[in-house]
Amino acid sequence: MTLPTRRSFLRAGLGAGVVTLAGCTSIAGSSGRSEGSATLRTYDVAGSPGGQVPVLPDGRVALLDWWATWCAPCKPQMAELREIRERFPDLHMLSITNEGDGAAVREFWTEYEGTWPVARDTTLRTNERFGVDRVPTLLVFDPAGTEVWRHVGLASADGVAEQLRAAGAGEA
């Protein structure tokens, strides 16, 4: 990762020191669709198809994941998220990084076997829109686009699955 990218990331309030000590919070009830149907460009790597994808598609349960290549808890989180992808293959799942180093993102995604779309948001618009200031952060939205669960830090697949079922997602 290049130093300017990290500096801008830290300036935005996503300090690496906070990441490994991040705890859980549960903030429910906010709607993520207030600004319309935003899209992000995804990387064409491993299980990520490339091209534009909606951040929150209409009428579907969604899981959004903010992460970074330098984030220690993000590495084991990948295995938990792969399990979620296997258990909920029709779930709208999107991982978002604020890093601009595409080679580092692709290397991480390949090494940790990402099997769902990964997108870049170097402008931090999705962070601002959803109030995300630490990584890893997971958000679950119900089909109406209402945030029903938020978790900061490493989360287990079983814990995430419980929240997805409560939001209306069906397992395979």
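Note that this is a predicted model, so its numbers are computed, not measured.

(A) Expanded view of the packing of aromatic side chains. One pass over the full model with this rule turns up six aromatic pairs. Judged by centre distance (4.6 Å) and plane angle (25°), the rings of Trp-67 and Phe-108 are stacked. On the criterion of sequence distance, the pair formed by Trp-67 in strand β3 (residues 62–67) and Phe-108 in helix α4 (residues 102–111) is long-range, its members being 41 residues apart. Like Phe-108, Trp-67 is buried. The interplanar angle of 65° and the centroid separation of 5.4 Å between the aromatic rings of Phe-130 and Phe-141 together place this pair among those described as edge-to-face. Taken as a pair, Phe-130 in helix α5 (residues 125–130) and Phe-141 in strand β6 (residues 137–141) lie far apart in primary sequence, 11 residues in all. The structure contains a cluster of three or more aromatic residues connected by ring pairs, namely Trp-67, Phe-108, Trp-109, Tyr-112 and Trp-116.

(B) α4, seen in detail. When we look at burial in α4, the residues that qualify are Gly-102, Ala-104, Val-105, Phe-108 and Trp-109. Taken around the axis of α4, the buried residues stretch over an arc of 160°, which confines them to a single face. Every exposed residue of α4 that faces more than 90 degrees away from the buried side is listed here: Ala-103, Glu-107 and Glu-111. If you follow the buried residues of α4, they end up packed against β1 (39–45), β2 (48–54), β3, α3 (74–87), β4 (92–97) and β5 (118–120). Looking at where α4 begins, the residue whose side-chain oxygen comes 3.2 Å from the main-chain nitrogen of Ala-103 is Asp-101.

(C) Highlighting the pairing of β4. With six of its six residues buried, β4 lies for the most part within the structure. Alternating positions in β4 separate into two faces, His-92, Leu-94 and Ile-96 on one and Met-93, Ser-95 and Thr-97 on the other, with burial throughout. Bridge count for β3 against β4 is six bridges, and the pairing is parallel. The partner of Asp-65 across the bridge, within β4, is Ser-95. Crossover β3 to β4 through α3 is right-handed. In this structure, β4 lies alongside β5, joined through three bridges in parallel fashion. Within β5, the residue paired with Ser-95 across the bridge is Val-118. Between the parallel pair β4 and β5, the chain is carried across by α4, and the sense of this crossover is right-handed.

(D) Looking closely at the state of the cysteines. Taken as a whole and assessed by the stated rule, the structure comprises one disulfide. What pairs with Cys-71 in a disulfide is Cys-74, and their sulfur atoms sit 2.3 Å apart. When the S-S torsion is 80°, as for the bridge of Cys-71 with Cys-74, the disulfide is right-handed. Of the two residues, Cys-71 and Cys-74, both sit in the buried class.

(E) Region of interest: α3. With 14 residues, α3 should reach 20 Å at 1.5 Å per residue; the first-to-last C-alpha distance of 20 Å fits that figure. Among the residues making up α3, those that are buried are Cys-74, Gln-77, Met-78, Leu-81, Ile-84, Arg-85 and Arg-87. On its buried face, α3 sits against β3, β4, α4, β6 and α6 (157–167).

(F) Representation of the pattern of salt bridges. Scanning the entire structure with this criterion turns up seven salt bridges. Here Arg-87 and Glu-83 are joined by a salt bridge, their closest N and O atoms 3.0 Å apart. One end of the pair, Arg-87, and the other, Glu-83, are both in helix α3, four residues apart, so they sit about a helical turn from each other. Residue Glu-83 is classed as partly exposed on the basis of its relative accessible area of 32%. The salt bridge involving Glu-171 is made with Arg-87; its shortest N-O contact spans 3.3 Å. Pair noted here: Glu-171 is in the segment after α6 and Arg-87 is in helix α3, with a separation of 84 residues, a long-range link.

What counts as what
Residues numbered from 1 in each chain as written. Predicted model: local features only at pLDDT ≥ 70, side-chain atom pairs only at ≥ 80, totals over all residues. Heavy atoms only, no water. Phe/Tyr/Trp six-rings, centres within 6.5 Å; stacked < 30°, edge-to-face > 60°. Helix = DSSP H or I, 4+ residues; strand = E, 2+ residues; numbered from the N terminus. Buried < 20%, exposed > 50% of the residue type's maximum accessible area, 1.4 Å probe, protein only. Arc of directions from axis to C-beta. Contact = heavy atoms within 4.5 Å. Polar contact = N/O pair within 3.5 Å; in protein donor to acceptor, adjacent residues only side chain to side chain. Pairing = 2+ DSSP bridges. Right-handed = clockwise from strand over helix to strand, strands pointing away. Disulfide = S-S within 2.5 Å. Expected span 1.5 Å × (residues − 1). Salt bridge = Lys/Arg side-chain N within 4 Å of Asp/Glu carboxyl O.

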